[in-house]
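# Architecture at a glance
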Amino acid sequence: MYTIGDYLLDRLSEIGITEIFGVPGDYNLQFLDKIMTNKNLNWVGNANELNAAYMADGYARTRKAAALVTTFGVGELSAMNGIAGSFAENVPVVEIVGSPQSTVQDARKLVHHTLGDGEFSHFEKMHQSLTAAMAHLTKENAPAEIDRVLNTLLETRKPVYLNLPIDVAESPTSKPSRKLSGSTELTSEDQNLLQEIESAFSKAKRPVIMTGHELASFGLEKSMQRFIEKTKLPVTTLSFGKGVIDETTESFIGTYSGALSEPSVQTFVDQADFLLLLGVKLSDSATGTFSQGFSEENVIAVNVDEVTLYGKISQNHHFEPLIKSLETLEFAPYSGDYPAKNDDLASFIPSATPLTQKRYWQAMDAFFEPGDTIIAEQGTSFFGIAPLFLKTKTSFIGQPLWGSIGFTFPATLGSQIANPDSRHILAIGDGSLQLTIQELGVALRQKLKPIIFVLNNDGYTVERQIHGAEQAYNDIPMWRYEQLPNAFGGDSDVFKVYKVQTEKELVMAMKEARLDPDRLYWIEVVLTKMDSPEYLQKLAELLTKQNS
């Protein structure tokens with residue numbers, strides 16, 4: 001018998017999902033049975049629902065859609081922080097919540113995982129601000145509502161929520177009769193905007209394009225790359241959106257960070273006579289606490305939710321077809337100069353001296369290779385990588401807006417599952433790792449093969465830079481990190497451990513990791529607790545002022 005549960009799984013498979021994350025609970029077990037027997041889907045069980053949401057987020061950033069399953073109440077509330085991060089940063093995740101039988105909910109019975117008041121809608125309401133669409137599925141509405149919600153996921157690239165009662169999942173239905181749409185056509189308002197952009201580029205003497213994370217949410221990197229190569233326009237990115245453009249492109253001028261930018265980049269962008277911002281959000285950590293020097297009078301900003309045309313907001317536009325249509329614009333290619341690039345980090349010769357943050361990031365810059373997927377925790381790691389020029393065909397994952405520490409460890413594993421052919425390299429601090437280390441067991445069980453650099457700097461170095469350098473609240477327990485893969489059930493055939501304290505030890509571990517792509521590499525990097533990248537030190541001063 002073909003059921004509503006089967007219908008939902010077929011729709012997930014249709015949008016490119018092949019793995020589903022989550023944690024079993026008695027309200028979703030029958031639905032999980034359907035996943036286990038579906039030939040197009042694999043179940044990846046997690047240690048907890050928060051990690052499942054993080055893992056789905058990482059998968060969706062790479063595969064452009066993901067799904068997780070939780071149980072009602074206790075499970076979905078544990079996942080909410082991860083869903084909030086996906087909403088803030090435009091990551092398309094489907095959250096499926098297995099809930100009690102419809103008759104139980106209608107009778108307001110005091111069953112487990114409820115608040116004991118007979119009300120079953122509390123948790124749905126909590127998700128309203130964190131999702132682009134949601135539905136409580138019934139036997140009558142399920143196919144139409146599943147399609148509506150998933151089309152919204154494709155149109156907005158934000159999380160969606162489906163409440164799936166046990167009996168509804170088991171109810172019979174027909175197979176989908178047509179494919180999901182998930183796309184829109186250009187309107188007259190869109191055509192007018194394209195003409196305005198074309199005119200602005202034709203008139204500008206010093207134009208700049210700034211690319212952001214929303215382009216990656218829609219998988220528009222290749223379209224944007226073609227546009228840049230055709231027009232030769234100077235292009236920059238915020239750290240929030242890094243990796244959207246191939247940073248080896250001749251016209252890529254570097255990462256823009258407001259007052260924290262390389263001086264040549266800052267001057268070039270701030271003095272532009274026209275800026276086209278595409279999928280960009282000017283967040284505090286990405287702009288040096290809003291220290292950008294350009295004026296909105298010179299800016300057209302195209303975002304998923306709205307367009308800002310020289311300071312005036314318009315909302316009747318469609319993001320994906322607009323971006324794809326940029327390639328059709330006709331104006332003379334840019335023929336001016338670009339600012340000189342800083343390539344001081346191009347090589348690294350190690351010594352036997354203890355590692356510092358500066359030398360560590362020089363070594364990392366030399367270590368990265370074309371085609372890598374680089375993931376940086378929102379700590380010293382993110383701010384160490386942000387100024388670097390990425391190699392060609394490199395993907396980058398961070399979470400600079402939501403900034404939930406611990407996110408990147410499960411996200412790395414989710415992304416590695418989504419793209420097993422790319423070597424995934426994670427840099428994460430000890431404080432962040434302690435929040436989500438439980439998924440190391442999943443990594444070893446799944447035989448995933450990322451290279452993980454654990455920066456052991458004895459606590460929350462980012463927070464120490466901002467406030468409370470010697471306060472106990474910035475201290476954490478000192479774990480024996482090199483013993484963790486063994487403790488989580490790994491054997492030497494699936495992982496290799498290094499603990500490094502000097503430059504030469506780090507480079508030796510790096511070389512072996514590159515030569516051995518068939519194992520997970522777990523490299524503990526010992527650094528002093530107050531050492532941090534120069535970028536972070538400057539940003540911390542600005543954040544301290546902002547928080548005062």
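Residues numbered from 1 in each chain as written. Predicted model: local features only at pLDDT ≥ 70, side-chain atom pairs only at ≥ 80, totals over all residues. Heavy atoms only, no water.

## Quick word on the pairing of strand 4 (residues 93–99)
With 7 of 7 residues buried, strand 4 is to be regarded as a mostly interior element. Along strand 4, one buried face is formed by V93, E95, V97 and S99 and the opposite face, lined by V94, I96 and G98, is buried too. In the classification by handedness, the crossover that spans strand 3 (residues 66–71), the intervening helix 4 (residues 74–88) and the parallel strand 4 is right-handed. The sheet contact formed by strand 4 and strand 6 (residues 160–165) spans 6 bridges and is parallel. Each residue of the ladder has a partner; that of G98, found in strand 6, is L164. (Buried < 20%, exposed > 50% of the residue type's maximum accessible area, 1.4 Å probe, protein only. Helix = DSSP H or I, 4+ residues; strand = E, 2+ residues; numbered from the N terminus. Right-handed = clockwise from strand over helix to strand, strands pointing away. Pairing = 2+ DSSP bridges.)

## So, the packing of helix 3 (residues 49–63) against helix 4
Interaxial distance between helix 3 and helix 4 falls to 7 Å at its minimum, and their mutual angle equals 30°. Between helix 3 and helix 4, the interaxial angle falls into the category roughly parallel. At the point where helix 3 passes helix 4, the crossing takes the right-handed sense. Across the interface between the two elements, E49, L50, A53, Y54 and D57 from helix 3 touch G75, S78, A79, N81, G82, I83, G85 and S86 from helix 4. When its residues are assigned to classes, the contact of helix 3 with helix 4 shows 5 nonpolar, 6 polar and 2 charged. (Axes fitted to C-alpha atoms, helices over the stretch in contact; angles between N-to-C directions. Parallel < 35°, antiparallel > 145°, perpendicular 65-115°, else oblique. Left-handed = near helix turned anticlockwise from the far one by under 90°. Contact = heavy atoms within 4.5 Å. Nonpolar A, V, L, I, M, F, W, Y, C, P; charged D, E, K, R; others polar.)

## So, the sheet that holds strand 2 (residues 42–45)
Strands sit in the order 2-1-3-4-6-5 across an open sheet of 6 strands; the sheet is parallel. Among the strands making up the open sheet, the edge pair consists of strand 2 and strand 5 (133–136). On average, each strand axis in the sheet is tilted by 20° relative to the strand beside it, whichever way the strands run. Strand direction decides the pairing type here: strand 5 and strand 6, joined by 4 bridges, are parallel. Paired with A133 across the strands is V160, a residue of strand 6. Of the strands in this sheet, strand 1 (19–22), strand 2, strand 3, strand 4 and strand 6 are in contact with helix 2 (residues 29–37), which crosses strand 2 at around 125°.

## Focus: helix 2
Of all the positions in helix 2, only F31, L32, K34 and I35 are classed as buried. Seen along its axis, helix 2 keeps its buried residues to an arc of 150°; they face one direction. Turned more than 90 degrees away from the buried face of helix 2 sit M36 and T37, all of them exposed. (Arc of directions from axis to C-beta.)

## Structural notes on the sheet that holds strand 18 (residues 495–500)
Taken together, 6 strands build an open sheet; the order of strands is 15-14-16-17-19-18 and the sheet is parallel. Edge strands, defined here as strands with exactly one partner in the open sheet, are strand 15 (395–397) and strand 18. Neighbour-to-neighbour, the strand axes of the sheet open up by a mean angle of 15°, direction not taken into account. With 3 bridges joining them, strand 14 (residues 373–376) and strand 15 adopt parallel strand pairing. If you follow I375 over to strand 15, its bridge partner there is I397. The sheet contacts of helix 16 (residues 408–418) involve strand 14, strand 15, strand 16 (424–429), strand 17 (451–456) and strand 19 (520–526), and relative to strand 16 the element is tilted by about 175°.

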